[in-house]
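Read off the chains here:
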Amino acid sequence: NAFATDAIGPDEASIIIGDGYFQFQKDSGVESEGPEYAHTHEYSHHLQLLLGVGELNDDFSDQSAKKQELMADAFSAYFLAHDSGGDMTSEEISNVHAIAYSV
């Protein structure tokens, strides 16, 4: 599993990714682009918090959670596709998204 947290404090935000997540990516054939996706997706959650759009505000509904995850995917995909970012093809991004959604 992977997650972003600022529970310690705003100056001590963290991204935590378990070894099992990387093993899953390797077993799924995305060991080259998978870790980059995981990192950028979780970093995107930090951007949501900094922009004030990432807080659930006591709304833990499936719809709210889905919105947060899709927004993080969008931020992540933008970076991964950009020439100065991950420089991935749309096929690589689609593939890693499909693997991530299967978790």
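Refer to the structure printed above.
Residues numbered from 1 in each chain as written. Predicted model: local features only at pLDDT ≥ 70, side-chain atom pairs only at ≥ 80, totals over all residues. Heavy atoms only, no water.

**Let's talk about the nonpolar core**
- One finds Tyr21, Val30, Tyr37, Ala38, Ala77, Leu80, Met88, Ile93, Val96, Ile99 and Ala100 forming the largest nonpolar core, which totals 11 residues.
- Looking at this core, the elements that each hand over two or more residues are helix H2 (34-51), helix H3 (62-81) and helix H4 (90-101).
- Per-element accounting of this core gives the leading share, 4 residues, to H4.
- If we skip the residues at most four places from it in the chain, Tyr37 touches Tyr21, Asp73, Ser76, Leu80, Val96, His97 and Ala100. (Core = buried A, V, L, I, M, F, W, Y, C linked by side-chain atoms within 4.5 Å. Buried < 20%, exposed > 50% of the residue type's maximum accessible area, 1.4 Å probe, protein only. Helix = DSSP H or I, 4+ residues; strand = E, 2+ residues; numbered from the N terminus. Contact = heavy atoms within 4.5 Å.)

**Regarding a negative patch on the surface**
- A cluster of acidic residues, Asp83, Asp87, Glu91 and Glu92, forms a negative patch at the surface.
- Structurally, Asp87 is set in the loop between H3 and H4. (Patch = residues over 30% accessible without salt bridge, like charges linked within 9 Å, V, L, I, M, F, W, Y side chains within 5 Å. Areas by Shrake-Rupley, 256 points an atom, 1.4 Å probe, with all protein chains shown as cover. Salt bridge = Lys/Arg side-chain N within 4 Å of Asp/Glu carboxyl O. Lys, Arg positive; Asp, Glu negative; His and termini not counted. Charge placed at Lys NZ, Arg CZ, Asp CG, Glu CD.)

**Observations concerning the packing of H3 against H4**
- Between H3 and H4, whose axes approach to 11 Å, the crossing angle comes to 150°. With respect to each other, H3 and H4 are oriented roughly antiparallel. The interaxial crossing formed by H3 with H4 has right-handed handedness. Here Leu70, Asp73, Ala77, Leu80 and Ala81 of H3 come into contact with H4, specifically with Ile93, His97 and Tyr101.
- Among the residues making up the contact of H3 with H4, the classes are represented as 6 nonpolar, 1 polar and 1 charged. (Axes fitted to C-alpha atoms, helices over the stretch in contact; angles between N-to-C directions. Parallel < 35°, antiparallel > 145°, perpendicular 65-115°, else oblique. Left-handed = near helix turned anticlockwise from the far one by under 90°. Nonpolar A, V, L, I, M, F, W, Y, C, P; charged D, E, K, R; others polar.)

**Focus: the environment of Glu33**
- Relative to the helices and strands, Glu33 is located in the loop between helix H1 (19-27) and H2.
- Discounting chain neighbours no more than four positions away, the residues touching Glu33 are Met88, Glu92, Asn95 and Val96.

**Observations concerning H4**
- Helix length check: H4 (12 residues) gives 16 Å between terminal C-alpha atoms against 16 Å at 1.5 Å per residue, within 8%.
- Of all the positions in H4, only Ile93, Val96, His97, Ile99 and Ala100 are classed as buried. Axial view of H4: buried residues confined to an arc of 160°, hence all on one face. The exposed residues of H4 that point more than 90 degrees off its buried face are Ser90, Glu91 and Tyr101.
- Next to the buried residues of H4 lie H1, H2 and H3. (Expected span 1.5 Å × (residues − 1). Arc of directions from axis to C-beta.)

**Comments concerning the side chain of His45**
- Mapped onto the elements of the fold, His45 is located in helix H2.
- Look at His45 and you get buried, because its relative accessible area is 13%.
- Side-chain polar atoms of His45 contact the side chain of Glu69, separated by 3.3 Å.
- In this structure, His45 is in contact with Ala4, Gln68, Glu69 and Ala72, ignoring residues within four places of it in sequence. (Polar contact = N/O pair within 3.5 Å; in protein donor to acceptor, adjacent residues only side chain to side chain.)

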